[in-house]
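Examination of the molecular architecture
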Amino acid sequence: MDSAKKLPVAVIGAGPIGLAAAAHLLERGLEPLIFEAGTTAGAAIEHWRHIRLFSPWRFNTDAAAVRLLEAAGWEAPRPTALPYGGELIDKYLAPLGALPQISSRLQTGARVTAVTRQGLDKTHIKGRDTTPFVVRVEHADGETRDHAVAAVIDASGTWSTRNPLGTSGLPAIGEEAAGERISAPLPDVTGRDRASFAGRRVLVVGAGHSAANTLINLADLAKEEPDTRILWAVRGATAEKVYGGGDLDGLPARGQLGGRVRRLVEAGKIELHTGFGISSIKSLDSSVTVSAVDGRTLEADVVVPCTGFRPDLDILRELRLNLDPAVEAPMELGPLIDPEFHSCGTVPPHGAKLLAHPDKDFYIVGMKSYGRAPTFLLATGYEQVRSVAAALAGDQESADTVHLDLPETGVCSTDAGTSCDVPATALPAEAAESGCCAAPEPVLVGFPTGLAHGRSGTSN
Ligand SMILES: Cc1cc2nc3c(=O)[nH]c(=O)nc-3n(C[C@H](O)[C@H](O)[C@H](O)COP(=O)(O)OP(=O)(O)OC[C@H]3O[C@@H](n4cnc5c(N)ncnc54)[C@H](O)[C@@H]3O)c2cc1C
């Protein structure tokens, strides 16, 4: 990174991985400039602060960030405890973001809208590698400014770009116009969002853990607010994928969750509609009519889209990227995590080399680096940014020496289907052979689930 001495390194997003990237850059003597669209660090997690993580604290913090925090007197939470999203913010991300070393380099209310090379559009190659990047930012003061930087680390996650409700990867006809009737992907139906759901007809769309947890939490709400009606639409012919193996499930938490949903459906508390691929949504005065491809219709007051996420690639349009055509992850990473083929993908530790793009010194890290695959883990991202910071500092040996410390467990049954994400080396031999979803495991570590505070009844 030739211009590193003069220009800062832009970090897009102050989530856990963006802040960790900043900490590693600082340790390397590089100057991070963090742009965060939200008002605080951890702004995306703020939306799911009521959800409990499945990975314990010891896998949720970054080593360089912890070194910074401990130097300021921070005390680490109990390593084996499972935090809620809110605790991850309050006990880790907020204190980290408030450290003078970070806060002085963190701009909040700063949304990156484009990244390019100074004076060069995508088609120009001459001098590209040594030309600074330009990051265009919409600031909270209403001004849009261009910032010249030596390198860019895109840690902007995927939370703001959920998958559409329609089939074929496109929004259903009328979906955008019906926006007011469509909730956030993981609403706190028994807590802060209760008023929007109590006594309403709620249609949950999707067949992953997020859907399962939302359904269970809605069933809890319906006990107190009996007029609440719960509809559930899945694209598949059955909901077996969500039910899992019940008491016999290899993953106890998944089995409990799936078992509860099955019982609620069988008891008539949840109205299940299978084979319901959504084609259009029609807004009425205070409700919507949701139509399936086969002509069936459902009336609902609010729709909960548990359809997963995809990366926002629009802001990167002027860069030369090398992305897997299916997963939209860096080319070499894509096949390792593709949920279509990896019901139980094993992910070798990886860093700067695998995350590199034709545009030198540009990296996508964190949740966004997994593209449309839903199995990203924080620990994976922390190792990514350690390696990327080393590469940007010119320490290629350290950048190439990648390792991952993940629990000997799997991550299964996500929004995109069943998949697992652990490094091959972390799996017990029999699990690696049979697939980690079938392996015995003491703790479920994983993504996206959604245990609302004391509501869902699962034990993690
Ligand atoms: C419900 C749920 C539960 C999860 N549970 C676990 C778990 O138990 N264990 C685990 O390891 N992982 C878990 N994950 C997966 C993953 O670790 C988290 O999603 C994590 O938040 C990803 O961190 P990140 O920094 O990559 O992205 P994010 O946390 O999404 O942070 C991205 C940041 O970038 C900002 N941003 C977005 N666009 C822009 C822009 N254009 N300009 C400027 N800023 C922008 C956002 O506001 C946000 O603050 C879970 C995810 C979900 C959704």
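1. Some points on the packing of aromatic side chains
Taken as a whole and assessed by the stated rule, the structure comprises four aromatic pairs. Both rings, one in Trp232 and one in Tyr243, keep their centres 6.4 Å apart while their planes meet at 65 degrees; by these two values the pair is edge-to-face. With Trp232 in strand S9 (residues 229-233) and Tyr243 in helix H8 (residues 240-243), the pair connects residues that are eleven residues apart, well separated along the chain. Across the pair, exposure class does not vary: Trp232 and Tyr243 are buried alike. The aromatic ring of Phe133 is capped on one face by Arg117, whose charged end is 3.8 Å from the ring centroid.

2. What about the pairing of S9?
The side chains of a regular strand alternate between both faces of the sheet. Most of S9 sits out of view: four of its five residues are buried. For strand S8 (residues 201-205) and S9, the ladder comprises five bridges, and the chain directions are parallel. Each residue of the ladder has a partner; that of Leu203, found in S9, is Leu231. Regarding topology, helix H7 (residues 209-224) serves as the crossover connection from S8 to the parallel S9, and that connection is right-handed. As paired strands, S9 and strand S10 (residues 270-273) are joined by four bridges and run parallel to one another. Paired with Trp232 across the bridge in S10 is Leu272.

3. Let's talk about helix H4 (residues 85-98)
An ideal rise of 1.5 Å per residue puts 20 Å on 14 residues; H4 measures up with 18 Å between its terminal C-alpha atoms. Taken together, the buried positions of H4 are occupied by Gly85, Gly86, Leu88, Ile89, Tyr92, Leu93, Leu96 and Gly97. If you follow the buried residues of H4, they end up packed against helix H1 (16-27), helix H2 (43-46), helix H3 (63-71), helix H5 (100-103), strand S3 (106-107) and helix H12 (378-392).

4. A look at the confidence of the model for the protein
On average, residues of the protein score 87 in pLDDT, and 84% of them are at 70 or above. Counted against residues more than four places away or in other chains, residues 408-460, with its pLDDT under 50, gives 170 contacts.

5. A look at the pairing of strand S11 (residues 278-283)
The pairing of S11 with strand S12 (residues 288-292) spans five bridges and is classified as antiparallel. Each residue of the ladder has a partner; that of Ile278, found in S12, is Ala292. Connecting the antiparallel pair S11 and S12 is a turn made up of four residues.

6. Topic: the sheet that holds S12
Sheet architecture is open: three strands sit in the order S11-S12-S13, paired in antiparallel fashion. Lying at the two open borders of the sheet, with one neighbouring strand each, are S11 and strand S13 (297-300). Within this sheet the neighbouring strands show an average axis-to-axis angle of 20 degrees, counted without direction.

7. Quick look at unusual backbone geometry
Of note in this structure, Glu328 is not a glycine but carries a positive phi near 65 degrees. Along the chain, the position of Glu328 falls in the loop between strand S14 (302-305) and helix H10 (334-337). Of the residues examined, Glu328 reaches a relative accessible area of 18% and is grouped as buried. Positioned with a positive phi, Asp361 is a non-glycine residue whose angle comes to about 65 degrees. Locating Asp361 in the fold gives a position in the loop between helix H11 (352-355) and strand S15 (362-364).

8. Things to note about the site of the ligand
The environment of the ligand is formed by 30 residues, the closest being Glu36, Phe54, Ser55, Met367 and Leu378. Take Glu36: an N or O atom from its side chain is 2.6 Å from an oxygen atom of the ligand. Contact with the protein chains removes 95% of the 980 Å² of surface that the ligand exposes when unbound. If you list the elements that add at least two residues to the shell around the ligand, you get H1, H2 and strand S4 (111-117). Broken down by element, the shell around the ligand gets its largest block of residues, three residues, from H2. In the shell around the ligand, the residues fall into 21 nonpolar, seven polar and two charged.

Definitions and cut-offs
Residues numbered from 1 in each chain as written. Predicted model: local features only at pLDDT ≥ 70, side-chain atom pairs only at ≥ 80, totals over all residues. Heavy atoms only, no water. Phe/Tyr/Trp six-rings, centres within 6.5 Å; stacked < 30°, edge-to-face > 60°. Helix = DSSP H or I, 4+ residues; strand = E, 2+ residues; numbered from the N terminus. Buried < 20%, exposed > 50% of the residue type's maximum accessible area, 1.4 Å probe, protein only. Lys NZ or Arg CZ within 6 Å of the ring centre and 35° of its normal. Pairing = 2+ DSSP bridges. Right-handed = clockwise from strand over helix to strand, strands pointing away. Expected span 1.5 Å × (residues − 1). Contact = heavy atoms within 4.5 Å. pLDDT = per-residue confidence, 0-100. Axes fitted to C-alpha atoms, helices over the stretch in contact; angles between N-to-C directions. Near = heavy atom within 4 Å. Polar contact = N/O pair within 3.5 Å; in protein donor to acceptor, adjacent residues only side chain to side chain. Areas by Shrake-Rupley, 256 points an atom, 1.4 Å probe, with all protein chains shown as cover. Nonpolar A, V, L, I, M, F, W, Y, C, P; charged D, E, K, R; others polar.

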